[in-house]
Amino acid sequence: GLRYENMGLSATSGIFEFKASYTRTALLLNYRIIDTLMFLGPIFSYGVSHSGDIKAIQSGTETSSLSSNKISSYSAGIEAGVKLIGFHLGAEVGYEDFRWKDATDSHAAIANQDINMSGTYAKVLLGFGI
């Protein structure tokens, strides 16, 4: 299958503001070992398209804006849930490796950086099966 993710974050403290956003399109592979009224199985994804930026703002003026065209990602996890009269309710937990190589600052305030946003994740699943 295919998965599209759109994530954003904003934090403010006094005159300082931080904003981050990214999108990710990934190939998705899952196999349900149990697939009756309950489902359980491994799920994997491999990122094929990425975009994103991280911005620092001070007193309303953007002081830094990092982005990269060398972003890579993959994830591995377990999904489990139940099927209730056509509706699917469940959860997915796992690990995502998400790295930006040679991120550049459009304001040249920060030298090229490698950014690692890898870590564990959890998702709630709510859907309709046809």
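Just above, that's the structure.
Enquirer: Can you explain the environment of I78? Please cite residues and give values.
Expert: Along the chain, I78 falls in strand β6 (residues 70-84). Linking I78 and Y31, residues 47 residues apart in sequence, is a C-alpha distance of 9.7 Å. Aside from chain neighbours lying at most four places away, what touches I78 is L40, G41, P42, I43, A91, E92 and V93.

Enquirer: Which residues make up the pattern of salt bridges, and what values go with them?
Expert: This model, assessed by the stated rule, comprises 11 salt bridges. Close ionic contact of E92 with R3 constitutes a salt bridge, the shortest N to O distance being 2.8 Å. Taken together, the positions of E92 in strand β7 (residues 87-105) and R3 in strand β1 (residues 2-13) put the pair 89 residues apart, joining distant regions of the chain. Across the pair, exposure class does not vary: E92 and R3 are buried alike. Between E17 and K19 there is a salt bridge, with the nearest N and O atoms lying 3.6 Å from each other. Judged by its relative accessible area of 25%, E17 is partly exposed. K19 gets classed as partly exposed once you look at its relative accessible area, which sits at 37%. In the salt-bridge network here, residues are joined through shared partners; they are E5, R24, E96 and K123.

Enquirer: Please provide a residue-by-residue account of the side chain of S75, values included.
Expert: By secondary structure assignment, the location of S75 is in strand β6. Judged by its relative accessible area of 5%, S75 is buried. Engagement of the side chain of S75 in a polar contact is seen with the side chain of S45, the distance being 2.5 Å.

Enquirer: Please set out the packing of aromatic side chains residue by residue, giving values where relevant.
Expert: Tallying each qualifying case throughout the model produces 2 aromatic pairs. Ring geometry for Y22 and F98: centres 4.6 Å apart, planes at 40°, overall tilted. Of this pair, Y22 sits in strand β2 (residues 16-30) while F98 sits in strand β7, and the two are 76 residues apart along the sequence. On the accessibility criterion, F98 (1% relative accessible area) is buried.

Enquirer: For the nonpolar core, give the residues involved together with the corresponding values.
Expert: The biggest cluster of nonpolar side chains holds 9 residues, and these are A20, Y22, I54, L66, I71, F98, W100, A103 and I115. Of all elements in the fold, only β2 and β7 reach the threshold of two or more residues within this core. Looking at which element gives the most residues to this core, the answer is β7, with 3 residues. Not counting residues up to four positions away in its chain, the partners in contact with A20 are M7, G8, L9, D53 and I54.

Enquirer: Please give an account of unusual backbone geometry that cites residues and values.
Expert: Even without a glycine there, the phi angle at S59 is positive, about 55°. When you line up the elements, S59 lands in the loop between β4 (38-58) and β5 (61-67). Here the phi dihedral of D102 falls at roughly 50°; this positive angle occurs in a residue that is not glycine. By secondary structure assignment, the location of D102 is in strand β7.

Enquirer: Residues and numbers for the environment of R3, please.
Expert: For R3, a relative accessible area of 13% puts it in the buried group. When the C-alpha positions of R3 and S59 are compared, they lie 37 Å apart, and in sequence the two are 56 residues distant. Contacts of R3, omitting those with residues within four sequence positions, involve R24, T25, A26, L28, I43, E92 and K123. A polar side-chain atom of R3 sits 2.8 Å from a polar atom in the side chain of E92.

The rules behind these values
- Residues numbered from 1 in each chain as written.
- Predicted model: local features only at pLDDT ≥ 70, side-chain atom pairs only at ≥ 80, totals over all residues.
- Heavy atoms only, no water.
- Helix = DSSP H or I, 4+ residues; strand = E, 2+ residues; numbered from the N terminus.
- Contact = heavy atoms within 4.5 Å.
- Salt bridge = Lys/Arg side-chain N within 4 Å of Asp/Glu carboxyl O.
- Buried < 20%, exposed > 50% of the residue type's maximum accessible area, 1.4 Å probe, protein only.
- Polar contact = N/O pair within 3.5 Å; in protein donor to acceptor, adjacent residues only side chain to side chain.
- Phe/Tyr/Trp six-rings, centres within 6.5 Å; stacked < 30°, edge-to-face > 60°.
- Core = buried A, V, L, I, M, F, W, Y, C linked by side-chain atoms within 4.5 Å.

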